[in-house]
Every structure is written in C-alpha cells, then in structure tokens.
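Structure assessment
As a plain string of letters, each chain reads:
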Amino acid sequence: MPDEVKRDIGYALHFAQRGEKHDDAKPLVGFGGASVLEIVERFDGNAYRAVYTVRFESAVYVLHVFQKRSTKGIATPKHDLELIRSRLHQAEIHYLANYGGKG
C-alpha cells in the first residue's frame, strides 16, 4: 500500500480509537448497522479499503485491509466479505476472552 494511503487510513482509525467517526468512515453494507465500518481511499487510480469494527467498548479491531481489484462496480467482493465475517467472529471471541465481555 502506498505510504499516503497508509497515513490516511491510520488517521481515520485514530478517530475510532478516540471513540469518534472520521468523515471517510462509512458503515459496511450487510453487517446490520454502524458497528462495522469501512474507509475507502483512492490513490493513483486504485481503491484501497480498510474495514474495522467498533462493536466492542474497549477495543477497535481492524478486520481487513485490501486493494480492491474488482472491475465490477463498487461492491465488496464476496470472498472479502466472507473473510471480514470470519474475522469479526474471531474478534468477538478474542474480546470476550481478553476483556471479559465488557462493553
């Protein structure tokens, strides 16, 4: 990922860590609400996405970061959505084990 993209995504994630939502963060469709968000950054004709969750009170989990390569519209590819769902489940298990389910 280009340094500029990493910096912009990192800045948006910093907002999440402070309990705020950056203007570039939007709910990811198909995850029932605003607890799973995505940041889309465009650079040099390419699109990069970072998906994270704020579902848990004491932690922000980055679930997936990738360059969107699909030429079929703006929809997130199915295999990426499946990976995000799997990692969200893993984050929930990790959170319950390490934070005792607080939040």
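Predicted model only: the values in this text are computed from it and were never measured.

1. Some points on the overall build of the protein
Assigned secondary structure in the protein consists of two helices and four strands. Listing the helices and strands of the protein from first to last along the sequence gives α-β-β-β-β-α. In summary, the protein has a C-alpha radius of gyration of 14 Å against a globular reference of 13 Å for 103 residues, a match within 12%. In the protein, which comprises 103 residues, the share counted as buried stands at 38%. Restricting to contacts in the protein with at least 6 residues of sequence separation, those with at least 24 account for 40%.

2. Regarding the packing of aromatic side chains
Across all of its chains, the model carries four aromatic pairs by this definition. Ring plane angle 75 degrees and centroid distance 5.2 Å describe the contact between Tyr11 and Phe15, whose orientation is recorded as edge-to-face. With Tyr11 and Phe15 both in helix α1 (residues 3-17), this residue pair falls four residues apart, about one helical turn. Among the residues examined, Tyr11 registers a relative accessible area of 48% and is labelled partly exposed. The exposure class assigned to Phe15 is buried, which follows from its relative accessible area of 16%.

3. Focus on the pattern of salt bridges
Throughout the structure, instances matching the rule amount to three salt bridges. Across the pair Asp3 and Lys6 runs a salt bridge, and its minimum N-O distance is 3.6 Å. Here Asp3 and its partner Lys6 are both found in helix α1, three residues apart, which amounts to about one turn of the helix. Look at Lys6 and you get partly exposed, because its relative accessible area is 46%. The salt bridge involving Arg18 is made with Glu20; its shortest N-O contact spans 2.8 Å. In this structure Arg18 comes out as partly exposed when scored by relative accessible area, which is 43%.

Basis of the calculations
Residues numbered from 1 in each chain as written. Predicted model: local features only at pLDDT ≥ 70, side-chain atom pairs only at ≥ 80, totals over all residues. Heavy atoms only, no water. Helix = DSSP H or I, 4+ residues; strand = E, 2+ residues; numbered from the N terminus. Rg over C-alpha atoms; globule rule 2.2 N^0.38 Å. Buried < 20%, exposed > 50% of the residue type's maximum accessible area, 1.4 Å probe, protein only. Contact = heavy atoms within 4.5 Å. Phe/Tyr/Trp six-rings, centres within 6.5 Å; stacked < 30°, edge-to-face > 60°. Salt bridge = Lys/Arg side-chain N within 4 Å of Asp/Glu carboxyl O.

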